[in-house]
Amino acid sequence: MRYPGSNWWSFDFHNHTPASNDYDANERAQLTARDWLLAYMRAGVDCVAVTDHNCPDWVDRLKQELAAMASEQPHHAGYRDLHLFPGVELTSADGIHVLAIFGPEESASKIHGLLALVQYNGDTNNAHGMCREGAAAICDQIHSLGGVVILVHAEEINGLLNATATPGQFTPRSDRVVAEVLKSTDGIEVHDRSAPAIQHFASKLAGRAIVDGSDAHRTSSAGRRTVWVKMAQPSIEGLRLALLDPASSLLKAASKPAEPLHRITSLHIEQLQLRRQVLNISFSPWFNAVIGGRGSGKSTLLEALRLSMARESEVQELGTSHESDVVRAFERFRTTGGPRGNAG
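Being a predicted model, the structure only gives us computed values, none of them experimental.

Asker: I'm lost on the overall build of the protein chain in this one. Help?
Answerer: The helix and strand inventory of the protein chain stands at 13 helices and 11 strands. Computed over the C-alpha atoms, the radius of gyration of the protein chain is 26 Å, more than 25% above the 20 Å expected from 2.2 N^0.38 for a compact globule of 344 residues. A principal-axis box enclosing the C-alpha atoms of the protein chain has dimensions of 80 × 55 × 35 Å. Looking at the protein chain as a whole, 45% of its 344 residues qualify as buried. Taking as baseline every contact in the protein chain between residues at least 6 positions apart, the subset at least 24 positions apart corresponds to 66%. Accessible surface, the protein chain: about 17600 Å² in total, of which carbon and sulfur atoms supply 50%.

Asker: What is the right way to read the sheet that holds strand β3 (residues 83-91) from this model?
Answerer: Hydrogen bonds between backbone atoms are what pair the strands of a sheet, whose relative direction is either parallel or antiparallel. Strands sit in the order β7-β6-β5-β4-β3-β2-β1-β8-β9 across an open sheet of 9 strands; the sheet is mixed. Of all strands in the sheet, those with a lone pairing partner are β7 (210-211) and β9 (250-251), marking the two edges. Pairing of strand β8 (residues 227-231) with β9 involves 2 bridges; the strand directions are antiparallel. Residue pairing for β9: Trp228 is matched across the bridge by Leu251. Across the sheet, helix α3 (residues 59-71) touches β2 (47-50) and β3, and the angle it forms with β3 is around 170°. In the packing of helix α5 (residues 135-144) onto the sheet, contacts are made with β3, β4 (97-101) and β5 (148-151), and the angle to β4 comes to roughly 0°.

Asker: Would you mind going over the environment of Pro18 with me for this structure?
Answerer: Within the secondary structure, Pro18 sits in the loop between β1 (7-12) and α1 (25-28). Along the chain, Pro18 and Arg28 lie 10 residues apart, while their C-alpha atoms are 4.9 Å from each other. Every residue in contact with Pro18, bar those within four places of it in the chain, is listed here: Tyr23, Arg28, Leu31, Trp36 and Trp58.

Asker: For this particular structure, what's the right way to read the pattern of salt bridges?
Answerer: Side chains carrying opposite charge are able to pair once their charged atoms draw close together. As enumerated under the stated definition, the model contains 9 salt bridges in all. Taking the shortest distance from any N to any O, the salt bridge between Asp24 and Arg218 comes out at 3.6 Å. Taken as a pair, Asp24 in the loop between β1 and α1 and Arg218 in the loop between β7 and β8 lie far apart in primary sequence, 194 residues in all. On the basis of relative accessibility, which here comes to 38%, the residue Arg218 falls in the partly exposed class. Glu106 is the partner of Lys110 in a salt bridge, and the nearest nitrogen-oxygen pair spans 3.8 Å. Assessed through its relative accessible area of 23%, Glu106 is described here as partly exposed. Linked through salt bridges whose partners overlap, the residues forming this network are Arg34, Glu65 and Glu72.

Asker: Please explain helix α6 (residues 175-182) as it appears in this structure.
Answerer: Buried within α6 we find Val177, Val178, Val181 and Leu182. Each buried residue of α6 sits inside an arc of 125° when the element is viewed along its axis, so together they form one side. Taken together, the buried residues of α6 touch α5, β5, β6 (187-189) and α8 (202-205).

Asker: Would you explain unusual backbone geometry in this entry?
Answerer: In terms of backbone geometry, most residues other than glycine have negative phi values and most peptide bonds are trans. Across the junction of Gln73 and Pro74, the peptide omega takes the value -5°, indicating a cis bond. Backbone geometry at Asn54 places phi at a positive 55°, although glycine is not the residue there. Along the chain, the position of Asn54 falls in the loop between β2 and α3. Taking the relative accessible area as the measure of exposure, Asn54 reaches 2% and is therefore buried.

Asker: Just checking my understanding: could you explain helix α2 (residues 33-42) for this structure?
Answerer: Three or four residues apart is the spacing at which side chains of an α-helix point the same way, because the helix has 3.6 residues per turn. α2 sits mainly inside the fold: 7 of its 10 residues count as buried. Contacts from the buried residues of α2 go to β1, β2, α3 and β3.

Asker: In this structure, what is going on with the nonpolar core? I would like to understand it.
Answerer: The nonpolar side chains of a soluble globular protein tend to be buried, and buried together. If you look at the biggest cluster of nonpolar residues, it comprises 59 residues, and the most contacted ones within it are Trp36, Leu37, Leu84, Leu90, Val98 and Leu161. Apart from residues no more than four positions distant in its own chain, Trp36 is found in contact with Asn15, His16, Thr17, Pro18, Tyr23, Leu31, Val48, Val50, Trp58, Leu62, Leu84 and Thr219. By size, the runner-up hydrophobic cluster in this structure holds 21 residues, among which are Ala49, Ile101, Ala209 and Val227.

Asker: Is there a simple way to think about the side chain of His217 in this case?
Answerer: Position of His217 among the secondary structure elements: in the loop between β7 and β8. A distance of 3.3 Å separates the side chain of His217 from the side chain of Asp22, its partner in a polar contact. Reaching out from His217, the side chain makes a polar contact with the backbone oxygen of Asp215 at a distance of 2.9 Å. Discounting residues that sit within four places of it in the chain, His217 has contacts with His16, Asp22, Tyr23, Asp24 and His53.

What counts and how
- Residues numbered from 1 in each chain as written.
- Predicted model: local features only at pLDDT ≥ 70, side-chain atom pairs only at ≥ 80, totals over all residues.
- Heavy atoms only, no water.
- Helix = DSSP H or I, 4+ residues; strand = E, 2+ residues; numbered from the N terminus.
- Rg over C-alpha atoms; globule rule 2.2 N^0.38 Å.
- Buried < 20%, exposed > 50% of the residue type's maximum accessible area, 1.4 Å probe, protein only.
- Contact = heavy atoms within 4.5 Å.
- Areas by Shrake-Rupley, 256 points an atom, 1.4 Å probe, with all protein chains shown as cover.
- Pairing = 2+ DSSP bridges.
- Axes fitted to C-alpha atoms, helices over the stretch in contact; angles between N-to-C directions.
- Salt bridge = Lys/Arg side-chain N within 4 Å of Asp/Glu carboxyl O.
- Arc of directions from axis to C-beta.
- Core = buried A, V, L, I, M, F, W, Y, C linked by side-chain atoms within 4.5 Å.
- Polar contact = N/O pair within 3.5 Å; in protein donor to acceptor, adjacent residues only side chain to side chain.

Written as structure tokens, this is what we have:
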């Protein structure tokens, strides 16, 4: 169920298609765009970043097939809403893998432009291709095009924190490089939060947005690692804001955060003195903010909630209307209005 304001969305940050040369050989020759999409739909994922190695060849194909599936009546039995975020996994000149993620409205052309800016070497095996720009410069180029930067598998080979070339080993990357690249990143993909690299650089990671992704190279891995992201609607701006506030907008959990057991769903007010129309306001089960200039109705909303919940006694604890401006305003608010100009 969707609510007004922000909702929790299951987000898989790192995924490959047959456009990546190291995709599963058995699937690569015969997998269709529809089958790829259905794998993520069956996994219950809401948002998927399409991040092939140094190429966007399947981005437009997937977007077109998703649009076709959405328009079909009746829908395919396995269909559910899915939001695709075009992206690409780049290998920097210093051997660090960097994800660029763009908004659902973008196409492969945006990524082709990025590949030109970071000077991709055009290797025919894109899984082994490399850019001539370093990781920090790549991050800046991604931001210049309106994208989000995620440093992938940070604790593993080709990750920001681990300079080793041997699987299962850990060699710390230099503090200078780590600090320089972290200045330009929006999030860090970590598969194992107990890994030696994460423990070693714990102080540098404190307070940063930690995400996860399947790094799927076959459909059986679709949606195996996701993060709940709080956004009003899936968009690049919503994602960017969530990454700026990881403590309240990112959650690593197997299931969607539960709604509060008791909550106010909506407020309905009739016969307000200065408003002819009925006032209906729906509330989110999680966080609600009331923002407006003087006279826009902020206090009206709060006092109406106070009356509807029979919590007048809280105001009375402040004293009489002669002693407190708050009490005086509340008494005036709950008085039935009379002729024009009268209080109430």
